[in-house]
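What follows is the residue order along each chain.
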Amino acid sequence: MSDLPKDLDTFRSETREWLEANCPAEMREPVRGEEDIYWGGRRASFKNDAQKAWFEACLAKGYTVPAWPKEYGGAGLTPPEAKVLRQEMSRINARPPLSSFGIWMLGPALLHFGTEEQKKHFLGEIARGEIRWCQGYSEPGSGSDLVSLQTFGEDEDDHWVVNGQKVWTSYADQADWIFCLVRTDKENKYQGITFMLFDMESEGCSTKPIKLISGNSPFCETFFDNVKVPKSYGEGIPAYVGEINRGWDVAKYLLGHEREMISGADGGNTGTIGAAMKRHAGELDPVLRAELAMFDVDALAYGAMGEKFLDEIKVGKAHPAQPNMMKYAGTELNKRRHELMMSAGGSRSLEWESEETNGGKPSRNWLRTKANSIEGGTSEVMLNVISKRILDLPGS
């Protein structure tokens, strides 16, 4: 007998019924490549009819951003309802209908710091998949020490003229707009940064892909050469979030959501034994099988920890450094998962180009995970924060 309140039990039953009726079988299969992910945006196209149908069904229901208020394109679900929806989608292995840095990072920042007009303007576009965002944070020489950034916006009354460079800008070459940290006061390190929003097609914006050891290129260098950024896109819609020169407050808030996103990037996935057996024709060394089983147990524990943290956030009892813990643990789990899958595949996992391995997907994915311990804050920085703010260990 369920111990859930009757109305939540009803919601679960209705959600399960809706998912069975609306989530196509193809959208319940594991993601095999970038083309299986729908990012939205001005240049977006659907891979197939199933992907389109799943997106449109979720959009009509508000399930592209289910926990956002209805007036901003969401479903207005309560935290317990949103948790049930996550569980039920996970139960059938449903793919997200829309992937977006706007959903994971910019959206929460706008909900917290944005004006009402900003929220209505930008959040609706994000929820509908009409705009694809990239993040302009890291710079050459300003990665872990992000606050030392030097991209500068010269104040020209009704606009800024922005010059500088960003690096490791994920999918900048495919993004429509960028949320970007720009120094607007050279005298104040922390209270001299503005969190700007502007179009990547603005004159003076350019990108250059960075090729990784995996052979793929999700990252870019991004250059700003006298880019004119208006201070407003209409009444009540400033081109910056929060206050001018107080963008560091917004940046820190957003970083917490970015680290939660990275920590959830496959880190807590279970089912490695079954996946490994498929890769190794059903036969596994007993020692490797035990390691895979141990991984699945740890992944389940990680998932439970994530649900606990989400519940604590919703009732205002979360520790502000918990995203750092989740990011570090999720990073290590994801790296470990791909190392185990490489072991399960044996010498075939080292193959790079054949149709059998889908163009060397196992090895390319394994190499890609090496960046997890750098992006969104290095593992060393995460451990330093955990040791000082959670364990209260003395600093050096």
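Look up a bit, the structure's there.
Report follows, based on the coordinates. (Residues numbered from 1 in each chain as written. Predicted model: local features only at pLDDT ≥ 70, side-chain atom pairs only at ≥ 80, totals over all residues. Heavy atoms only, no water.)

### Looking at the pattern of salt bridges
Phase 1 of the analysis: Under the counting rule described, the total for this entry stands at 20 salt bridges.
Phase 2 of the analysis: The residue glutamate 20 makes a salt bridge to arginine 91 at a minimum N-O spacing of 3.5 Å. In this pair, glutamate 20 sits in helix H1 (residues 6-22) while arginine 91 sits in helix H3 (residues 79-91), placing the two residues 71 residues apart along the sequence.
Phase 3 of the analysis: Owing to a relative accessible area of 42%, glutamate 20 belongs among the partly exposed residues under this scheme.
Phase 4 of the analysis: A salt bridge links lysine 52 to glutamate 56; its shortest N-O distance comes to 2.8 Å. One end of the pair is lysine 52 and the other is glutamate 56, both in helix H2 (residues 49-61) and 4 residues apart, which spans about a single turn.
Phase 5 of the analysis: Here the salt bridges do not stand alone but share partners, grouping Arg12, Arg16, Glu20, Arg28, Glu88 and Arg91 into one network. (Salt bridge = Lys/Arg side-chain N within 4 Å of Asp/Glu carboxyl O. Helix = DSSP H or I, 4+ residues; strand = E, 2+ residues; numbered from the N terminus. Buried < 20%, exposed > 50% of the residue type's maximum accessible area, 1.4 Å probe, protein only.)

### Examining the pairing of strand S5 (residues 193-199)
Phase 1 of the analysis: Counting buried residues along S5, 7 of its 7 residues qualify, which places the element largely inside the surrounding structure.
Phase 2 of the analysis: Of the two faces of S5, the one lined by Ile193, Phe195, Leu197 and Asp199 and the one lined by Thr194, Met196 and Phe198 are each fully buried.
Phase 3 of the analysis: Pairing geometry for strand S4 (residues 177-183) and S5, over 7 bridges, is antiparallel. Across the sheet, the residue bridging to isoleucine 178 is phenylalanine 198, located in S5.
Phase 4 of the analysis: In this structure, S5 lies alongside strand S8 (residues 240-241), joined through 2 bridges in antiparallel fashion. If you follow methionine 196 over to S8, its bridge partner there is tyrosine 240. (Pairing = 2+ DSSP bridges.)

### Looking at the packing of helix H9 (residues 322-345) against helix H10 (residues 361-368)
Helix-helix packing is described using two parameters, namely the angle between the two axes and the distance between the axes.
Phase 1 of the analysis: The interhelical angle for the contact between H9 and H10, taken along N-to-C directions, is 150 degrees, at an axis separation of 9 Å. In terms of their interaxial angle, H9 and H10 are classed as roughly antiparallel. Handedness of the H9/H10 crossing: left-handed. Within the contact between the two elements, H9 uses His338, Glu339 and Met342 and H10 uses Pro362, Ser363, Asn365 and Trp366. (Axes fitted to C-alpha atoms, helices over the stretch in contact; angles between N-to-C directions. Parallel < 35°, antiparallel > 145°, perpendicular 65-115°, else oblique. Left-handed = near helix turned anticlockwise from the far one by under 90°. Contact = heavy atoms within 4.5 Å.)

### Observations concerning a negative patch on the surface
Phase 1 of the analysis: Taken together, Glu71, Glu116, Glu117 and Glu235 make up a surface patch of like negative charges.
Phase 2 of the analysis: Along the chain, the position of glutamate 116 falls in helix H5 (residues 116-127).
Phase 3 of the analysis: Exposure remark for glutamate 116: the relative accessible area of 35% places this residue in the partly exposed category. (Patch = residues over 30% accessible without salt bridge, like charges linked within 9 Å, V, L, I, M, F, W, Y side chains within 5 Å. Areas by Shrake-Rupley, 256 points an atom, 1.4 Å probe, with all protein chains shown as cover. Lys, Arg positive; Asp, Glu negative; His and termini not counted. Charge placed at Lys NZ, Arg CZ, Asp CG, Glu CD.)

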